[in-house]
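This is what each chain is made of:
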Amino acid sequence: MSFALLRDLRDLKVLVLHPNNAEGQSLTEHLRRIGCSPTQIWPVPPELPVGTDVVFLAIEDDARPEIERFIKNQPKPGPTMLAIVGYENPSTLQIVLESGALAVVERPIKPFGLLTNLAIARSLWLEQQRLIKETRKYRRKVMGDQQLARAKAILMAHNGTTENEAYQDLRRQAMERRISIEEVAKSIVLSEEHLRASPKRA
């Protein structure tokens, strides 16, 4: 566990969704001692308050509809989620999984281990975001490569050139227009698709 991560935990805005009782107050106070900025709310709100980094979500049977609505309305990406459970049963397990919780805090809540759970959950969340970002970047690259190949094929068919000549033509257009070669390829592909979609005149 890096010191940088532990240091960053102190700047997190934490939402404690827990009934306003001694346990909820104790959890909130301990998070404040850790250095976080916790806010305790109950009942469960319809949506996540803006700027929330971490959520401690108490799984309460009598609040299940509100919890399900809250989970459904999560933004993308959602916050780091930790579930608070008092017992295990299929119903509780289902909602924990649906919440996307990266750690589970057992009742009765004890201060010992809370920081570890928070740090591990946050670390896993950061890794998830990194992987999502890399996946999107890879998808954009694949789509760009596909469009580049299609653009070269279009130029080769229209101009009777070789693949290398078509690529050099794309490079020249990109330099003249001061845009990326991928953007040039995209415009060529879109123009070709538009021409094909247009009704042919008799």
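Keep in mind it's a predicted model, so treat the numbers as computed, not measured.

Considering unusual backbone geometry
Excluding glycine, most residues fall at negative phi; most peptide bonds, likewise, are trans. With an omega of 10°, the peptide bond running from W42 to P43 counts as cis. In this fold, P43 is placed in the loop between β2 (37–41) and β3 (54–58). Here the residue pair R107 and P108 is connected by a cis peptide bond, since its omega of -5° sits within 30 degrees of zero. Tracing the chain through its elements places P108 in the loop between β5 (103–106) and α5 (114–159). The phi angle at R178 is positive, at roughly 55°, despite the residue not being glycine. Assignment of secondary structure puts R178 in the loop between α6 (163–177) and α7 (181–197). We classify R178 as exposed; its relative accessible area is 80%.

Details of the UniProt feature "domain: ANTAR" (unreviewed entry) in the chain
The sites that carry the UniProt feature "domain: ANTAR" (unreviewed entry) are, in the present numbering, residues 128–189. Across residues 128–189, helical content stands at 90% and strand content at 0%; the span's end C-alpha atoms are separated by 34 Å.

A few points about a positive patch on the surface
On the surface, a cluster of positive charge is made up of K133, R136, K137, R139 and R140. Among the secondary structure elements, R139 is positioned in helix α5. For R139, a relative accessible area of 55% puts it in the exposed group.

Section: α5
Taking 1.5 Å of rise per residue, the 46 residues of α5 would be expected to cover 68 Å, and the 67 Å separating its terminal C-alpha atoms lies within 8% of that figure. Where α5 terminates, the next one or two residues include G160, which has phi positive at roughly 65°.

Each value, and the rule that gives it
Residues numbered from 1 in each chain as written. Predicted model: local features only at pLDDT ≥ 70, side-chain atom pairs only at ≥ 80, totals over all residues. Heavy atoms only, no water. Helix = DSSP H or I, 4+ residues; strand = E, 2+ residues; numbered from the N terminus. Buried < 20%, exposed > 50% of the residue type's maximum accessible area, 1.4 Å probe, protein only. UniProt positions renumbered as here; feature names shortened; annotations may be inferred. Patch = residues over 30% accessible without salt bridge, like charges linked within 9 Å, V, L, I, M, F, W, Y side chains within 5 Å. Areas by Shrake-Rupley, 256 points an atom, 1.4 Å probe, with all protein chains shown as cover. Salt bridge = Lys/Arg side-chain N within 4 Å of Asp/Glu carboxyl O. Lys, Arg positive; Asp, Glu negative; His and termini not counted. Charge placed at Lys NZ, Arg CZ, Asp CG, Glu CD. Expected span 1.5 Å × (residues − 1).

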